Amino acid sequence: MLLIRMRPLTGIEGVLTVLRPDGTVLCSDYLPDGNSSILHLVTGCLIDVTGTHTILVRDKSYDEFGAYDLVLQRLNSPANTECAESISPTS
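Source: prediction; values computed, not measured. (Residues numbered from 1 in each chain as written. Predicted model: local features only at pLDDT ≥ 70, side-chain atom pairs only at ≥ 80, totals over all residues. Heavy atoms only, no water.)

A.B. asks: So what's going on with the overall build of the chain? Residues and values would help.
C.D. replies: Along the chain, the regular secondary structure elements total zero helices and six strands. Listing each helix as α and each strand as β along the chain from the N terminus yields β-β-β-β-β-β. Among the 91 residues that make up the chain, the fraction classed as buried is 23%. (Helix = DSSP H or I, 4+ residues; strand = E, 2+ residues; numbered from the N terminus. Buried < 20%, exposed > 50% of the residue type's maximum accessible area, 1.4 Å probe, protein only.)

Here's what the structure looks like:
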């Protein structure tokens, strides 16, 4: 199981979405208040197919941008799993 945490560092209404390799949505959640709360996305987000998954982070209304922290944490075995980093910012 993977815990994904997002914490906006600015006033964006953060949305966190995990996509399957075919581009369909596996799970998604958001912070409705736009403050510095922490969004935990773990419930109902079980990887159901093999392949490269994508994590998208954006503003809920697509009208703001800003900085955020993103943390991935493996909660079960095996502890040593690979995580490829590919950051493609858009404006």
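Still to come is the rest of the account.
A.B. asks: Quick one: what's the story with the sheet that holds strand 3 (residues 25-30), residue by residue and with numbers?
C.D. replies: Read from one edge of the open sheet, three strands run 3-2-5, paired in antiparallel fashion. The open sheet is flanked by strand 3 and strand 5 (54-59), the only strands paired with a single partner. Neighbouring strand axes in the sheet, compared pairwise and without regard to direction, differ in orientation by 15 degrees on average. Summarising the sheet, strand 2 (residues 14-19) and strand 3 pair through five bridges and their orientation is antiparallel. Residue V18 lies in a different strand from strand 3, and its bridge partner there is C27. (Pairing = 2+ DSSP bridges. Axes fitted to C-alpha atoms, helices over the stretch in contact; angles between N-to-C directions.)

A.B. asks: Just give me the short version of the nonpolar core, but keep the residues and values in it.
C.D. replies: In terms of nonpolar packing, the biggest core is built from nine residues, these being I4, M6, I12, L16, V18, L26, C27, C45 and V57. For this core, the secondary-structure elements that each account for two or more residues are strand 1 (2-8), strand 2 and strand 3. In this structure, L26 is in contact with V18, L19, R20, C45, L46, I47, D48 and H53, ignoring residues within four places of it in sequence. (Core = buried A, V, L, I, M, F, W, Y, C linked by side-chain atoms within 4.5 Å. Contact = heavy atoms within 4.5 Å.)

A.B. asks: Quick rundown of the environment of L72? Include the residues and the values.
C.D. replies: By the secondary structure assignment, L72 is in strand 6 (residues 68-74). Considering only alpha carbons, one finds L72 and I4, 68 residues apart in sequence, at a separation of 4.8 Å.

A.B. asks: Give me the lowdown on the side chain of T17, citing residues and values where you can.
C.D. replies: Mapped onto the elements, T17 comes out in strand 2. On the basis of relative accessible area, T17 is assigned to the buried category, the value being 9%. One polar contact links T17 to S28, side chain to side chain, over a distance of 2.9 Å. If sequence neighbours within four positions are ignored, T17 has contacts with V25, C27, S28, T54, I55 and L56. (Polar contact = N/O pair within 3.5 Å; in protein donor to acceptor, adjacent residues only side chain to side chain.)

A.B. asks: Describe the environment of L75, and please don't skip the residues or the numbers.
C.D. replies: Within the element layout of this structure, L75 appears in the segment after strand 6. Relative accessible area serves as the criterion here: at 45%, L75 is assigned to the partly exposed category.

No statement about biological role is implied by the geometric values presented.
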